[in-house]
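# Results of the structural survey
Residue strings, one per chain:
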Amino acid sequence: MKQIPSPYTAAITGGGFLFEETKLLLPLLQSADRTALLKDEAVNNRILHINAEKSRQRNIAEIARRYDAVPASFWEDFKTMEEHDQKIALFFVILKTYKICFDFQIRVTLRKWNGIAKSLTHEDLRMEFSEIASRDEFVNSWSESTLRKVSSAYLSILRKIGMLDKANGLHSVEAGNMDYYLKTGEPWFLEACLLPPFRIDQIKQLML
């Protein structure tokens, strides 16, 4: 029986947040010689300085995947942002790149934020995995180890941007340029950053 293609991938386990690495590779990704330059970096390690070649190749592949998930103009804007805003922007890119992370953010994290506990754990994500697996053959084939690695990678990203603390408590995050996501037709991202409705309204009003 032919397997139905899945919109999901476990590739987020291949690198994590990769903030500094993304900034280092950006000139190569934006070059007309992109393919040759990335291949050279995978072999010669001139920029990333990651000792293990397999890890280096995996990181390059994931950063390239993320680069392609948004318009090229986004990365021009990214280069002009403050570092904090760049981290929030990279989180946006990750949600656009990996459907599993998008589903976690919208279907689990946002729901938990709007609930009483305002916390997030592996167990919360495990329940969503079960939901997805019930309708997606590919995710249903993932091992327990893969499930754990995917959820760990996602939780680690939330910690890197300050959305999740060491006690698993959730916090909203806000870039200095949240209006950017409204202007570029991505209003959902403000809610994904756990901003309360009154704050989203304020940002919209400032644009008028």
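Our subject is the structure listed above.
Read on for an overview of the structure. The structure displayed is predicted, hence computed values, not measured ones.

## A short note on the nonpolar core
Among the nonpolar cores identified, the biggest contains 71 residues, and Phe74, Ile100, Leu120, Met178 and Phe189 are the most heavily contacted of them. Considering each element in turn, this core owes the most residues, 8 residues, to helix α5 (residues 83-97). Setting aside its immediate chain neighbours within four residues, Phe74 contacts Ala89, Phe92, Val93 and Tyr180.

## Let's talk about the side chain of Asn177
Position of Asn177 among the secondary structure elements: in the loop between α9 (144-160) and α10 (179-183). Residues in contact with Asn177, not counting those within four places in the same chain, are Met81 and Asp85.

## Digging into the environment of Ala175
Structurally, Ala175 is set in the loop between α9 and α10. A residue is classified by how much of its surface remains accessible, and Ala175, at 4% relative accessible area, is buried. Taking the C-alpha atoms as reference points, Ala175 and Gln86, 89 residues apart in sequence, are found 8.3 Å from one another. For Ala175, the contacting residues outside a window of four places in its chain are His84, Asp85 and Ile88.

## Brief notes about the packing of aromatic side chains
For the structure shown, the criterion picks out 19 aromatic pairs. Among the aromatic residues, those joined into a cluster by ring pairs are Tyr67, Phe74, Trp75, Phe78, Phe91, Phe92, Phe102, Tyr180, Tyr181, Trp188 and Phe189. The ring centre of Trp113 lies 4.9 Å from the NZ or CZ of Lys118, which sits over that ring.

## Considering the environment of Val93
Within the secondary structure layout, Val93 lies in helix α5. For the pair Val93 and Val70, spaced 23 residues apart in the sequence, the C-alpha separation amounts to 6.9 Å. Ignoring sequence-local partners within four residues, the contact set of Val93 consists of Arg66, Val70, Phe74 and Trp75.

## Thoughts on helix α2 (residues 34-44)
Those residues of α2 lying buried are Leu38, Glu41 and Ala42. Each buried residue of α2 sits inside an arc of 100° when the element is viewed along its axis, so together they form one side. Those residues of α2 that are exposed and angled more than 90 degrees off the buried face are Ala36, Lys39 and Val43. Of the residues trailing α2, Asn45 is marked for its positive phi of about 55°.

Cut-offs used in this document
- Residues numbered from 1 in each chain as written.
- Predicted model: local features only at pLDDT ≥ 70, side-chain atom pairs only at ≥ 80, totals over all residues.
- Heavy atoms only, no water.
- Core = buried A, V, L, I, M, F, W, Y, C linked by side-chain atoms within 4.5 Å.
- Buried < 20%, exposed > 50% of the residue type's maximum accessible area, 1.4 Å probe, protein only.
- Helix = DSSP H or I, 4+ residues; strand = E, 2+ residues; numbered from the N terminus.
- Contact = heavy atoms within 4.5 Å.
- Phe/Tyr/Trp six-rings, centres within 6.5 Å; stacked < 30°, edge-to-face > 60°.
- Lys NZ or Arg CZ within 6 Å of the ring centre and 35° of its normal.
- Arc of directions from axis to C-beta.

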